[in-house]
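Understanding the architecture of this molecule
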Amino acid sequence: MHIDAQIDVGVGPSDIGLNNHNARVTSKLVDVGDVTLHCVLAGPSDGDVVLLLHGFPEFWYEWHEYILPLAAAGYRVVVPDQRGYHRSERPDAISAYHLDALATDICGILDAIGAKKTHIVGHDWGAFVSWWVALHHPARLRTLSVINVPHPTAFKQTLWRNPKQVLRSWYVGFFQLPRVPEALAQVGNWASVTAMMQRSSRDGTFDSTDFERYRTAWGLDGAYEAMINWYRAVVRSNPQPVQTQISTPTMLLWGAQDTFLTRSLAEKSAQYCTNSEVVMFEQATHWITHEEQTQVQNRLLNHFNSAHEVTHQKWH
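A closer look at the pairing of strand S3 (residues 49-53)
- Burial analysis of S3 places 5 of its 5 residues in the buried class, the great majority of the element.
- By the alternation rule, side chains of S3 split into Val49, Leu51 and Leu53 and Val50 and Leu52, which are all buried.
- Once the chain exits S3 it traverses helix H1 (residues 67-72) before rejoining the sheet at strand S4 (residues 76-80), and the crossover so formed is right-handed.
- Pairing between S3 and strand S5 (residues 118-123): 4 bridges, direction parallel. Looking across to S5, one finds that Leu52 is bridged to Val121.

As structure tokens, this is what we get:
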């Protein structure tokens, strides 16, 4: 069943105390053309835009600790629930979750808020979408920051050559089964999903309040099925990027203890970027945005500022 975007369900910024008037935190539905997406916005309307894209199985809440610091630094922060997730619209068709559509959503957000360019930051699936935007809509980016997901070409080549990575990606095959992943996920109040997040993260990364909020998002009508449809769509469509090289200033932040992706993928991804930096966090896992919040925030701000200084120097 097709589900329209809904502003009054799930978890909003005011529900978690993000009602800072100085940062002008708002929650709104944004028509991006094909679908309507829920977005949390903050910061000055004339600031450079920073788009924060969550991964699976999270939602905008993944970035809730980043919104006020980035807004205080003068950035216009935009944090969407991506297509199918939480409060955003959920099309029925698996084909609606093709990477081209997901990347077009990002351009649609920028158009809707009147922004030509953005600093884009993505983790997990959000990082894969960020790569795709950089490859297909490079003119819309100031900088690219990707966290624990490789460049699409680097990932595909590694899957062909590295059996270890194939084993780590076993769940992608499981998610191709109809209805079974959704049904099993709900057993025991989402016990398998929360256990996966706990097993693959450092102790104490997620607490009971976090999981209460995630369960709320997962339990919305049709949400978890839509989230799984991202995996179904990418396997069925086997999308090919129109190019492989990226000239946008790129930073890769990588948790070396990631149980889903080998660390070698970070350097292999950097080879497809003409201007890149790899920052390896030796003790961090796949969930680096939660485990190393302060360091990740500082790295992002430095990356944004460096790109601004280079652009300013070129203009002069």
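Description of the pairing of strand S8 (residues 276-281)
- The sheet contact formed by strand S7 (residues 250-255) and S8 spans 6 bridges and is parallel. Looking at the pairing, Trp254 lines up with Met280 of S8.
- Since S7 and S8 lie parallel, the crossover through helix H10 (residues 264-270) that links them has a hand, and here it is right-handed.

Description of the environment of Trp230
- Looking at the element boundaries, Trp230 is found in helix H9 (residues 223-237).
- Sequence spacing of Trp230 and His98 is 132 residues, and the spatial spacing of their C-alpha atoms is 7.3 Å.
- Apart from residues lying up to four places away in sequence, Trp230 is in contact with Gln82, Arg83, Tyr85, Tyr97, Leu102, Trp125 and Val129.

Considering the packing of helix H7 (residues 180-199) against H9
- It is at 10 Å that the axes of H7 and H9 come closest, and there the two elements cross at 125 degrees. Classified by the angle their axes make, H7 and H9 are oblique. Crossing of H7 over H9 shows right-handed handedness. Where H7 abuts H9, its residues Pro181, Glu182, Ala185, Trp190 and Val193 lie against Tyr224, Glu225 and Arg232.
- Broken down by class, the residue content of the contact of H7 with H9 amounts to 5 nonpolar, no polar and 3 charged.

What counts and what doesn't
- Residues numbered from 1 in each chain as written.
- Predicted model: local features only at pLDDT ≥ 70, side-chain atom pairs only at ≥ 80, totals over all residues.
- Heavy atoms only, no water.
- Buried < 20%, exposed > 50% of the residue type's maximum accessible area, 1.4 Å probe, protein only.
- Helix = DSSP H or I, 4+ residues; strand = E, 2+ residues; numbered from the N terminus.
- Right-handed = clockwise from strand over helix to strand, strands pointing away.
- Pairing = 2+ DSSP bridges.
- Contact = heavy atoms within 4.5 Å.
- Axes fitted to C-alpha atoms, helices over the stretch in contact; angles between N-to-C directions.
- Parallel < 35°, antiparallel > 145°, perpendicular 65-115°, else oblique.
- Left-handed = near helix turned anticlockwise from the far one by under 90°.
- Nonpolar A, V, L, I, M, F, W, Y, C, P; charged D, E, K, R; others polar.

Everything listed is a geometric property; what it means functionally is a separate question.
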